[in-house]
Structure formats: C-alpha cells, structure tokens
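# Commentary on secondary and tertiary structure
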Amino acid sequence: MNVENTSSRPAGRRAVVAEDESLIRLDIVETLTEAGYEVVAAVGDGQSAIDKTRELRPDVVVMDVKMPQVDGVTAAERIGEENLAPVVMLTAFSQAELVERARDAGAMAYVVKPFTPADLLPAIELAVSRYAQIQALSTEIQDLEERFETRKRVDRAKGLLQSSMGLSEPEAFRWIQKTSMDRRLTMREVADAVIDQLTTGRD
C-alpha cells in the first residue's frame, strides 16, 4: 500500500469558546483566530455554550470545566448526547476527577492550564479528527457490536500506520478512509488489510 502524508489545515473551521474568565476567553479566541479558525461565539457559562452550539453547529467547542450556571462537564454531556460537535475541555492540574468525568461525558480531548497555542491547537485537531472518525464509522455501521469491533480494528490499523509510516493519528485515519472510498471497501476491510500486511511484514 502506498501511503501519502497529507497535512490537515483548520482554515474555515468554526469554533465556540466557553470560558468564564474573560482574559483567558479572549486569549483563546485570539489563538484560534490566528490559527485560521472562525470563532462564531465566545461565552462565559455552560448553558450559553449549549445554546450557541445548538444554534450555530460549530466544528468544535473549546470549553472550561468550571463554569457558572451549567458546568463544562454537564454541558459536554448535553452536547455529546445531541451529537452536536466535538468538545475540547480546559482543566487545571487539580481537577483530575473532572477530567475523568469529562472523558466519560464524551469530550474528545482536554488541555491542562496554563496552556500555550502549541498545547491547545493539536488538542483541537485531535478532537475534530476523533469526532469525524466516530461519525464516519457510525454512518458505515449500524450494528453496535460490529461498530465496536470495527473501531478496535481501525484503531489498531491507525497505530500500525503511525509507527510504520510516520503518520499522525488524523493522517492515518484519513488514509484508511480515503483508501476505503477509492477501492470501494469498508473501513474495516481496509483496516484488516493494513493489519495483515504490516504485522506479516514484521514477522
């Protein structure tokens, strides 16, 4: 198989930012804007984050864990239940238990404060990629048990492509997805072929 290494670009992606500390909120907005995102809403509480996400259907939500009215974890749960957008949670070192709750709520990635653009932007890309992967697999497979097995095999194939070909996780998934479309195979069939080829090659 020939693997082409393609880079992802955030240009044109729309984001909602939810952070109750105004200076941090402005900093996040500036970071995203400079990176090519369009920040369609910047709010200071969890309920507004839910409302704006429902209304605007952004490509990603960047949200603090601790916020008034509705906390970030609860907001992430509601956004996840309605399948509205991927969520990146912002958390402090002392909030490990909230990170677990956020992950269980469906947050696709999290960033620990204080953070830099070099921390935040890759986490957003990872969240967007993981969300797209879940959406793609859900569209392809309706049966829950088969979907779970497919995700396991696709994850294994991604790992093999990352280690063998030097791809990032999003690039590995895009390669599997593109190969699936180009060859008119399911992603599971492509994943199985990758696993077979790369594990056989190691023996």
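Keep in mind that this is a model prediction, so the values were computed, not measured.

Further remarks concern the overall build of the protein. In terms of helices and strands, the protein carries eight helices and five strands. Going from the N terminus to the C terminus, the protein shows its helices and strands as β-α-β-α-β-α-β-α-β-α-α-α-α. When each of the 203 residues of the protein is scored for burial, the buried share is 43%. Just so you have it, the protein exposes about 10,600 Å², and 48% of that area is on carbon and sulfur atoms.

Here helix H1 (residues 22-34) spans 18 Å end to end across 13 residues, near enough to the 18 Å set by a 1.5 Å rise per residue. What H1 keeps buried is the set Arg25, Ile28, Thr31 and Leu32. All buried residues of H1 fall inside an arc of 125° around its axis, so they share one side. In H1, those exposed residues whose orientation departs by more than 90 degrees from the buried face are Leu23, Leu26 and Glu34.

Moving on, we come to the pairing of strand E3 (residues 60-64). A large share of E3 lies buried, amounting to five of its five residues. Covered by surrounding structure in E3 are Val60, Val62 and Asp64 together with Val61 and Met63, the residues of both alternating faces. Sheet analysis places strand E1 (residues 14-18) next to E3, joined by four bridges and oriented parallel. Pairing of Ala15 across the sheet is with Val60, part of E3.

On to the environment of Thr116. Looking at the secondary structure, you find Thr116 in the loop between strand E5 (109-112) and helix H5 (117-140). On the basis of relative accessible area, Thr116 is assigned to the partly exposed category, the value being 39%. Distance from Thr116 to Asp27, taken between C-alpha atoms, is 9.8 Å for residues 89 residues apart in sequence.

Here we come to the nonpolar core. With 21 residues, the main nonpolar core has Ala18, Val61, Met63, Ile79, Val87 and Met89 as its most contacted residues. Mapped onto this core, the elements with two or more residues apiece are E1, strand E2 (38-43), helix H2 (46-56), E3, helix H3 (72-81) and strand E4 (87-91). When residues of this core are assigned to their parent elements, the largest contribution, four residues, is made by H3. Leaving out residues up to four positions away in the same chain, Met89 has contacts with Met63, Asp64, Val65, Gly72, Val73, Ala76, Ala102, Ala107, Ala109, Tyr110 and Val111.

Reading fine detail from the predicted coordinates is not recommended where pLDDT is low. Mean pLDDT over the protein works out to 83, with 86% of the residues at or above the 70 mark. Element-level mean pLDDT values for the protein span from 69 in helix H4 (residues 96-105) up to 95 in E1. Confidence drops under pLDDT 50 across residues 1-9; counting only partners more than four residues distant or on other chains, this segment forms 20 contacts.

On a regular strand, each side chain points to the face opposite its neighbour's, so the side chains alternate between the two faces of the sheet. Here E5 shows a clear split, with Ala109 and Val111 buried on one side and none of Tyr110 and Val112 buried on the other. Bridge count for E4 against E5 is four bridges, and the pairing is parallel. For Val88, the partnering residue across the bridge sits in E5 and is Ala109.

Rules behind the numbers
Residues numbered from 1 in each chain as written. Predicted model: local features only at pLDDT ≥ 70, side-chain atom pairs only at ≥ 80, totals over all residues. Heavy atoms only, no water. Helix = DSSP H or I, 4+ residues; strand = E, 2+ residues; numbered from the N terminus. Buried < 20%, exposed > 50% of the residue type's maximum accessible area, 1.4 Å probe, protein only. Areas by Shrake-Rupley, 256 points an atom, 1.4 Å probe, with all protein chains shown as cover. Expected span 1.5 Å × (residues − 1). Arc of directions from axis to C-beta. Pairing = 2+ DSSP bridges. Core = buried A, V, L, I, M, F, W, Y, C linked by side-chain atoms within 4.5 Å. Contact = heavy atoms within 4.5 Å. pLDDT = per-residue confidence, 0-100.

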